[in-house]
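# Structural overview
Chain residues, written in single-letter form:
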Amino acid sequence: VHCQATQPRPRTVEPSRSLPPQTLRPQISPGEKRAFAAMAAAGGTSSDDVPVIQAENLTSNVRSILYSRTFLSIISGVVAGIWGFTGLTGFVFYFLIMLVASIGLLAKSKFSVHTYFDSWSRILVEGVLAGLMSFVLFWTFAYDIVHIF
């Protein structure tokens, strides 16, 4: 499948019966359309401070978060098993690793979350519970190999 990047177009609302008159946006002049397209291509915002979010970039960023959290879950599970964590200490270790990962992702995005994501929850909690299953699997596996066999 071949995908092409598309330039975002300025949105104008055509008059309709479903929208009250105060929510209609005025038509944009051709000069403003060019400025809006240039700013959107550069990843900026329009003159009326409407953020431009490209769906492809957002899904790519979320996918990167999920991959990094899954990788960290596996590695931290092996480390927790080798170090012999049992019970609640293993889960505390996991959530501390995920907290450090969230801080690292915030630093990677230069603490401007809305430039790369649509909400703070994408960085803070996206993929934490999904990675928990991988963590438990590798935690018990490593613990069994090192401490039981």
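For clarity, every value in this text was computed on a predicted model and none was experimentally measured. (Residues numbered from 1 in each chain as written. Predicted model: local features only at pLDDT ≥ 70, side-chain atom pairs only at ≥ 80, totals over all residues. Heavy atoms only, no water.)

Once that is clear, we can look at the UniProt feature "transmembrane region" (unreviewed entry) in the protein chain. Under the local residue numbering, the UniProt record ascribes the feature "transmembrane region" (unreviewed entry) to residues 66-85, 91-111 and 123-143. As a span, residues 91-111 carries 86% helix and 0% strand, and end to end its C-alpha atoms are 27 Å apart. Strand forms 0% of residues 123-143 and helix 86%; the C-alpha atoms that close the span are 30 Å apart. (UniProt positions renumbered as here; feature names shortened; annotations may be inferred. Helix = DSSP H or I, 4+ residues; strand = E, 2+ residues; numbered from the N terminus.)

So, on to the pattern of salt bridges. For the coordinates displayed, the defined rule picks out 2 salt bridges. D118 is the salt-bridge partner of R122, the closest N and O atoms lying 3.0 Å from each other. Overall, the relative accessible area of 33% leaves D118 in the partly exposed class. Close ionic contact of R122 with E126 constitutes a salt bridge, the shortest N to O distance being 3.6 Å. Relative accessible area serves as the criterion here: at 23%, E126 is assigned to the partly exposed category. Through salt bridges that share partners, D118, R122 and E126 make up one connected network. (Salt bridge = Lys/Arg side-chain N within 4 Å of Asp/Glu carboxyl O. Buried < 20%, exposed > 50% of the residue type's maximum accessible area, 1.4 Å probe, protein only.)

What follows covers helix α3 (residues 88-108). The end-to-end C-alpha separation of α3 is 30 Å, in line with the 30 Å expected for 21 residues at 1.5 Å each. Along α3, the residues that are buried comprise G90, F93, Y94, M98, A101, S102 and L106. (Expected span 1.5 Å × (residues − 1).)

Attention now moves to the packing of helix α2 (residues 55-83) against α3. Running from amino to carboxyl end, α2 crosses α3 at an angle of 145°, the nearest separation of the two axes being 10 Å. Judged by the sense of rotation from one axis to the other, the crossing of α2 with α3 is right-handed. Across the interface between the two elements, I65, R69, L72, S73, S76, V79, A80 and W83 of α2 pack against F93, Y94, I97, M98, A101, S102 and L105 of α3. The residue inventory of the contact of α2 with α3, partitioned by class, reads 11 nonpolar, 3 polar and 1 charged. (Axes fitted to C-alpha atoms, helices over the stretch in contact; angles between N-to-C directions. Left-handed = near helix turned anticlockwise from the far one by under 90°. Contact = heavy atoms within 4.5 Å. Nonpolar A, V, L, I, M, F, W, Y, C, P; charged D, E, K, R; others polar.)

All right, on to the nonpolar core then. Of all hydrophobic cores here, the largest spans 8 residues; its members are A80, F93, Y94, M98, V128, L132, F135 and W139. The leading source of residues in this core is helix α6 (residues 128-148), at 4 residues. Beyond its immediate sequence surroundings of up to four residues, F93 is in contact with S76, V79, A80, W83, F85 and F135. Core analysis: the next-biggest nonpolar cluster, separate from the first, contains 7 residues, L58, V62, I65 and F117 among them. (Core = buried A, V, L, I, M, F, W, Y, C linked by side-chain atoms within 4.5 Å.)

What follows covers the side chain of R69. Looking at the element boundaries, R69 is found in helix α2. Here R69 sits buried without a salt bridge, and the closest side chain of opposite charge, E126, lies 8.0 Å off (N-O distance). One polar contact links the side chain of R69 to the main-chain carbonyl oxygen of M98, over a distance of 3.4 Å. At a separation of 2.8 Å, a polar atom in the side chain of R69 contacts the main-chain carbonyl oxygen of E126. Contact partners of R69, with chain neighbours within four places excluded, come to M98, A101, S102, L105, I123, L124, E126, G127 and V128. (Lys, Arg positive; Asp, Glu negative; His and termini not counted. Polar contact = N/O pair within 3.5 Å; in protein donor to acceptor, adjacent residues only side chain to side chain.)

A contiguous nonpolar patch, built from L88, F91, V92, F95, L96, L99, I103 and L129 and spanning about 790 Å² of accessible area, is present on the exposed surface. Along the polypeptide, I103 turns up in helix α3. Classification of I103 by relative accessible area gives partly exposed; the value is 48%. (Patch = residues over 30% accessible without salt bridge, like charges linked within 9 Å, V, L, I, M, F, W, Y side chains within 5 Å. Areas by Shrake-Rupley, 256 points an atom, 1.4 Å probe, with all protein chains shown as cover.)

Looking now at the packing of α2 against α6. Axis angle and axis distance: for two packed helices, these are the angle between their axes and the distance between the axes, and together they describe the pair. Packing of α2 against α6 brings their axes to within 7 Å, and their N-to-C directions diverge by 30°. Between α2 and α6, the angle falls in the class roughly parallel. Here α2 runs over α6; the crossing is right-handed. Along the contact surface, α2 presents R69, T70, S73, I74, S76, G77, V78, A80, G81, I82 and W83, while α6 presents V128, G131, S134, F135, F138, W139, A142, Y143, V146 and H147. Looking at the contact of α2 with α6, its residues break down into 12 nonpolar, 8 polar and 1 charged. (Parallel < 35°, antiparallel > 145°, perpendicular 65-115°, else oblique.)

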